[in-house]
Amino acid sequence: RPISINHKMFLQYTTEVTQDLLEHLHDTFFPCLFQQLIDKNIEIRTFFLNGQCFSMAICSTFDKQTQIDFRRYNDRHPNRCLPYQLPLDIENKISLLMDKMRLNCGSLDLILDNHGTYYYLEVNPVGQFGMVSYPCNYNIEKEIAEFLIKE
C-alpha cells in the first residue's frame, strides 16, 4: 500500500542490493529485510479461503522493470497473469500454516524459482482477493458469500 507524505507517494517494493547501492548507502537507514536473491521463474499470489487455494502466476521476469518485483508495474506492458494450480503438497502446507495461524482466509505470496523450488514470502491476513479473482475468473466474491452464508 503506498504511503503519502506531503503530496508525494512512496511505494514499497523489493530491489536488488548491488555493490553500487551498498557503496552509496548511509551509515543509518530504515530497517530492512535482506535475503538472498532468488532465481525467480514466476511470482504466485494465492488467496486462501477455508481450505481452498485460488492461485495466480504473475509472469514478471520477462520485463526488466518488474523482474525483481512485479509491484514496479509497467503500465505500458503489463505482466501476464494466469490461473495457476499449486502442487497438492504445497496447498497442504498452506492449509497447515493457515490452521496454525488460526486464519480461514488470507493472501499468500510465493515464488517459484527456475529449479522448481517454491519459496513462501508472506501471508496477508486481510486477504485481498480482487487481484487474483478478476484476471483468473475465479469468482472469489461468490465463494466468500457462500462461505459467509454457511457460517
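Every value quoted in this text rests on a predicted model; they were computed, and no experiment measured them.

Undergrad: Before we move on, can you summarise the overall build of the protein with the specific residues and values?
TA: Each helix and strand counted, the protein has four helices and seven strands in total. Overall, the protein shows an N-to-C arrangement of helices and strands of β-β-α-β-β-β-α-β-β-α-α. Relative to its 151 residues, the protein shows a buried fraction of 30%. Excluding contacts between residues fewer than 6 apart, the proportion of contacts in the protein whose partners are at least 24 apart in sequence is 54%. On the protein, roughly 11,300 Å² of surface is accessible, and the fraction owed to carbon and sulfur atoms is 53%.

Undergrad: Can you break down the nonpolar core residue by residue, with the values?
TA: Within the largest apolar cluster, 14 residues are counted, with the highest numbers of intra-cluster contacts made by Ile 42, Ile 44, Phe 48, Ile 94, Met 98, Leu 108 and Leu 110. Elements that contribute at least two residues to this core include exactly strand 3 (40-49), strand 4 (52-59), helix 2 (88-100) and strand 6 (105-113). Contact partners of Leu 108, with chain neighbours within four places excluded, come to Ile 44, Arg 45, Thr 46, Phe 48, Ile 94, Leu 97, Met 98, Tyr 120, Glu 122 and Val 123. Membership of the second largest hydrophobic core comes to ten residues, among which are Met 56, Cys 136, Ile 140 and Phe 147.

Undergrad: Explain helix 4 (residues 140-150) to me, and be specific about the residues and the numbers.
TA: Each turn of an α-helix holds 3.6 residues, which means side chains three or four residues apart point in the same direction. By the burial criterion, the buried members of helix 4 are Ile 140, Ile 144 and Phe 147. The arc enclosing the buried residues of helix 4, seen along the axis, measures out at 60°, which places them on a common side. The inward-facing, buried residues of helix 4 contact strand 3, strand 4 and helix 3 (130-136).

Undergrad: I'd love a proper account of unusual backbone geometry, names of residues and values included.
TA: If you check the backbone angles, Arg 102 has positive phi at about 55° while not being a glycine. Residue position: Arg 102 is located in the loop between helix 2 and strand 6. A relative accessible area of 79% places Arg 102 in the exposed class.

Undergrad: Provide a residue-level description of the pattern of salt bridges, including the pertinent values.
TA: In the structure shown here, the tally under the stated rule is four salt bridges. Between Glu 43 and Lys 40 there is a salt bridge whose closest N-O contact spans 2.6 Å. Residue class for Lys 40 comes out buried when judged on its relative accessible area of 9%. The residue Asp 109 makes a salt bridge to Arg 45 at a minimum N-O spacing of 3.0 Å. Of the two residues, Asp 109 sits in strand 6 while Arg 45 sits in strand 3, which places them 64 residues apart along the sequence. The exposure class assigned to Arg 45 is buried, which follows from its relative accessible area of 9%.

Rules behind the numbers
Residues numbered from 1 in each chain as written. Predicted model: local features only at pLDDT ≥ 70, side-chain atom pairs only at ≥ 80, totals over all residues. Heavy atoms only, no water. Helix = DSSP H or I, 4+ residues; strand = E, 2+ residues; numbered from the N terminus. Buried < 20%, exposed > 50% of the residue type's maximum accessible area, 1.4 Å probe, protein only. Contact = heavy atoms within 4.5 Å. Areas by Shrake-Rupley, 256 points an atom, 1.4 Å probe, with all protein chains shown as cover. Core = buried A, V, L, I, M, F, W, Y, C linked by side-chain atoms within 4.5 Å. Arc of directions from axis to C-beta. Salt bridge = Lys/Arg side-chain N within 4 Å of Asp/Glu carboxyl O.

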